[in-house]
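In case you want the letters, here they are:
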Amino acid sequence: MTVTSLSTARFVELCRTLVAQRPLVHCLTNEVVQAITANVLLASGASPAMVVANDEAGDFASIASSVLINLGTPYPERLQAMRSAIDACQKKGTPWVLDPVAAGVLPWRDRIIKELAALKPTVIRANASEVLAMAGMGHGGHGVDSTDSSRAALVAAQHLATQTQSIVAVTGEEDYVTDGNRTIAIAGGHALATLVVGTGCSLSALVAAFLSIDNNALEATAAAMTLAKRAQEKAISQTQSPGSFRTAYIDALFELTHGAAQ
Amino acid sequence: MTVTSLSTARFVELCRTLVAQRPLVHCLTNEVVQAITANVLLASGASPAMVVANDEAGDFASIASSVLINLGTPYPERLQAMRSAIDACQKKGTPWVLDPVAAGVLPWRDRIIKELAALKPTVIRANASEVLAMAGMGHGGHGVDSTDSSRAALVAAQHLATQTQSIVAVTGEEDYVTDGNRTIAIAGGHALATLVVGTGCSLSALVAAFLSIDNNALEATAAAMTLAKRAQEKAISQTQSPGSFRTAYIDALFELTHGAAQ
Amino acid sequence: MTVTSLSTARFVELCRTLVAQRPLVHCLTNEVVQAITANVLLASGASPAMVVANDEAGDFASIASSVLINLGTPYPERLQAMRSAIDACQKKGTPWVLDPVAAGVLPWRDRIIKELAALKPTVIRANASEVLAMAGMGHGGHGVDSTDSSRAALVAAQHLATQTQSIVAVTGEEDYVTDGNRTIAIAGGHALATLVVGTGCSLSALVAAFLSIDNNALEATAAAMTLAKRAQEKAISQTQSPGSFRTAYIDALFELTHGAAQ
């Protein structure tokens, strides 16, 4: 199977389009990462909104450009809002991203992940241990952290993509985006990002943002992952510690997208 | 209608009083901005507390200096706690602020906003699209972001103030505070603040803090908005990117209030 | 009663062990501080996870290295998840920390604190006003902030430790850790930390992390508190304002633990 890369020209084009269109991303995400998710989207040129009540989540998903469903801290009431939002996506053809946090660790959550993955998310964005678990090849991560390399999860990602008819994006030392046939690899980035909570979860939101501005979902997903990798590299050139890395990462997302937009 | 400004001497006096009195601000706010709201209040000299269970929200509002009600992520249980807190404010004469996030976008939320606005908040703090929507003159924002200028919402703000008997504070390129008769304008600030989640929501908390330390609610509200504008200007003199702007903004709030306090 | 200190060699050893073992800390904490709690744990070498549904909180606590129960924003559903997690801790012998935020201020909350304190937490980590309230010697804090000095709460802490059979850790200008007989004092730190939301709450999470890597709970708790004090000192040497202090504090936690690990 051929693994290709995203051209710089295409990456720059997609960043420019994102800033120009300012898509509205409806985020139903976990309790821990809401602020960084909103800040990552704002810095990159998108417009985040967290509408969480079941009474209005479907209505809001209907007018959103795309939707993020992140299962970091699911509980019954919030899951109802997620189901309403997904239902609206299906009716409207709105792209949505599933982030199956900690797949393979807890049985209750795994049943939910299975249920939502069957609803054909446009993209499943996950770490290596989560992808391996969803493909039935895993042995569980360390809580919410991956204990496997993304390379080791590539075959599982391709298998999962074929099985779910979703694009699967697996992040790690090298990132891969695959629809089961075609695969794009994105190298670079920096491991210090794993010591800042929400860099992975907010990347799933960025994927949702890019999905709404281009019909090529594989390349749009790869653009989001490329943006995160480039921003990590820009941040690590300025600091080696995670507190200031977090700040530098947000700055870099803004500078990369708004520089590309000029 | 005359538009006046807040004198520097009065602004400095109110900042000094805030730091000296350290008012206790009970915040019932949205999920996304809780940390920045607390940090903005702490940096400015107030003492934030988020008490969210309906079982104790009324009791806590009874001992708080002021209360913030922000409708960014409402859901039924949390709304009950908000109603209990508002009820306590009405019994005790405690000032409270309503932040009607995304007014005009979703019908369920609009019914709640209408219900709570009828309970006579001391101040309604909102962006231009929200004020226009509440005054029945709007066409809806872009999710939670304003698509209108504050200048365009000034007449709507004055109308809404007369209608609700609340002070209305509308933020944008220029901020306006009005009771329907008198209007104070606050110029300055910087648009990069709109790329940091929670700068608007935490300003509503700052308004609540200032309301508790002075009987002139119009001027107290204007002082909070002046503080935010001055802190944005101080921050933009240090950085042009939103991650470090967020940090510089909190620093500036502290330096402006605690410098004023000396 | 003798008050001793933790040796530097022991502190360094415990930091090295933390980084080497990367314990999984299950945090059931308040809405305001979830991100800083995760970032403090990640920077210090631990692996945080917030699993909040009652449907899976017990299962996750069963596989966690330690558990944090923080009562900053309790409500009935979340309390059920906390009880399930505590139950799992008792069955497995997993250490857990109780952070009784705002003890002595609100009757509903005080009943919960009393109920959970009776379940023999390994450590109760609190500010001076909270310790005085729990020991029945208090007059209430200012919302969630302490109005008493830690020195004034030392006798209450020793009394509370004897009464609950828990270790009691009281933070303030000087920190104390006591089991009722032995007491370790930790000096230093900086008061600016009290203007950054979550420094206290995330310290309780750090205590949970250290508890899981050493059988001497008194010294493990003291090591967590020493780490926080040293990181505050490192941060204040770089900035005098709370926004950048927050960033510098996270950086310092990383540098102190990962430097110690080399």
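Quick look at the structure, then. (Residues numbered from 1 in each chain as written. Chains lettered and ligands numbered in written order. Predicted model: local features only at pLDDT ≥ 70, side-chain atom pairs only at ≥ 80, totals over all residues. Heavy atoms only, no water.)

If you tally the helices and strands in chain A, you get ten helices and nine strands. On C-alpha atoms alone, chain A measures out to a radius of gyration of 17 Å, which is about the 18 Å that the 2.2 N^0.38 rule sets for 262 residues. In terms of overall dimensions, chain A has C-alpha extents of about 40 × 40 × 35 Å along its principal axes. The buried share of chain A, taken over its 262 residues, is 66%. Put simply, of all contacts in chain A between residues at least 6 apart along the chain, 70% involve residues at least 24 apart. For chain A, the computed accessible surface area is about 8500 Å², with 50% contributed by carbon and sulfur atoms. (Helix = DSSP H or I, 4+ residues; strand = E, 2+ residues; numbered from the N terminus. Rg over C-alpha atoms; globule rule 2.2 N^0.38 Å. Buried < 20%, exposed > 50% of the residue type's maximum accessible area, 1.4 Å probe, protein only. Contact = heavy atoms within 4.5 Å. Areas by Shrake-Rupley, 256 points an atom, 1.4 Å probe, with all protein chains shown as cover.)

Turning to its location among the elements, Val 197 of chain B is positioned in the loop between strand E9 (183–186) and helix H8 (199–211). On the basis of relative accessible area, Val 197 of chain B is assigned to the buried category, the value being 17%. If near-sequence neighbours (up to four positions away) are discounted, Val 197 of chain B is found in contact with Ala 35, Ala 38, Asn 39 and Leu 42 of chain A together with Val 32, Val 33 and Ile 36 of chain B.

Listed by partner, the interface residues are 28 residues for chain A and 27 residues for chain C. Of the roughly 2200 Å² buried between chain A and chain C, counting both surfaces, carbon and sulfur atoms make up 59%. Across the contact surface, chain A and chain C share two salt bridges. The partner of Arg 109 of chain A in a salt bridge is Glu 56 of chain C, with the nearest N and O atoms 2.6 Å apart. Applying the counting criterion to the chain A and chain C interface returns seven residue pairs in polar contact (both at pLDDT 80 or more). The set of elements that each furnish at least two residues to the side of chain A that touches chain C consists of helix H5 (107–117) and helix H10 (242–260) of chain A. If one sorts the elements of the side of chain A that touches chain C by residue count, H10 of chain A sits on top with five residues. Residues that form the side of chain A that touches chain C fall into these classes: 14 nonpolar, ten polar and four charged. (Buried area = accessible area lost by both parts, 1.4 Å probe. Salt bridge = Lys/Arg side-chain N within 4 Å of Asp/Glu carboxyl O. Polar contact = N/O pair within 3.5 Å; in protein donor to acceptor, adjacent residues only side chain to side chain. Nonpolar A, V, L, I, M, F, W, Y, C, P; charged D, E, K, R; others polar.)

Residues and elements named next belong to chain C. One open sheet accounts for nine strands, arranged E1-E9-E8-E7-E6-E5-E4-E2-E3; its pairing is mixed. Strand pairing shows two members of the sheet lacking a second neighbour, strand E1 (3–4) and strand E3 (47–49), which therefore form its edges. Bridge analysis of strand E2 (residues 24–28) against strand E4 (residues 66–70) gives four bridges, and the strand direction is parallel. The residue bridging Cys 27 from the neighbouring strand is Leu 68, located in E4. In this fold helix H9 (residues 217–236) packs onto strand E6 (123–127), strand E7 (167–171), strand E8 (175–178) and strand E9 (183–186), with an angle of close to 170° to the strand it touches most, E8. (Pairing = 2+ DSSP bridges. Axes fitted to C-alpha atoms, helices over the stretch in contact; angles between N-to-C directions.)

Turning our attention to unusual backbone geometry. When glycine is set aside, most residues are seen to have a negative phi, and most peptide bonds are trans. Residues and elements named next belong to chain B. Within the chain, Ala 102 stands out as a residue other than glycine whose phi angle is a positive 65°. Relative to the elements of secondary structure, Ala 102 occurs in the loop between strand E5 (96–99) and helix H5 (107–117). Within the chain, Lys 120 stands out as a residue other than glycine whose phi angle is a positive 60°. Its location among the elements puts Lys 120 in the loop between H5 and strand E6 (123–127). The exposure class of Lys 120 is partly exposed, given its relative accessible area of 48%.

Let's shift gears to the pattern of salt bridges. On inspection of all chains with the given rule, the structure shows 37 salt bridges over all chains. Lys 234 of chain C is the partner of Glu 255 of chain C in a salt bridge, and the nearest nitrogen-oxygen pair spans 2.7 Å. With Glu 255 of chain C in helix H10 (residues 242–260) and Lys 234 of chain C in helix H9, this residue pair connects regions lying 21 residues apart in the sequence. Residue Lys 234 of chain C is classed as partly exposed on the basis of its relative accessible area of 32%. Bridged by salt links that share partners, the residues Arg 10, Glu 13, Asp 214 and Glu 219 of chain A form one connected network.

Everything listed here is a matter of coordinates, which is why it stays silent on function.
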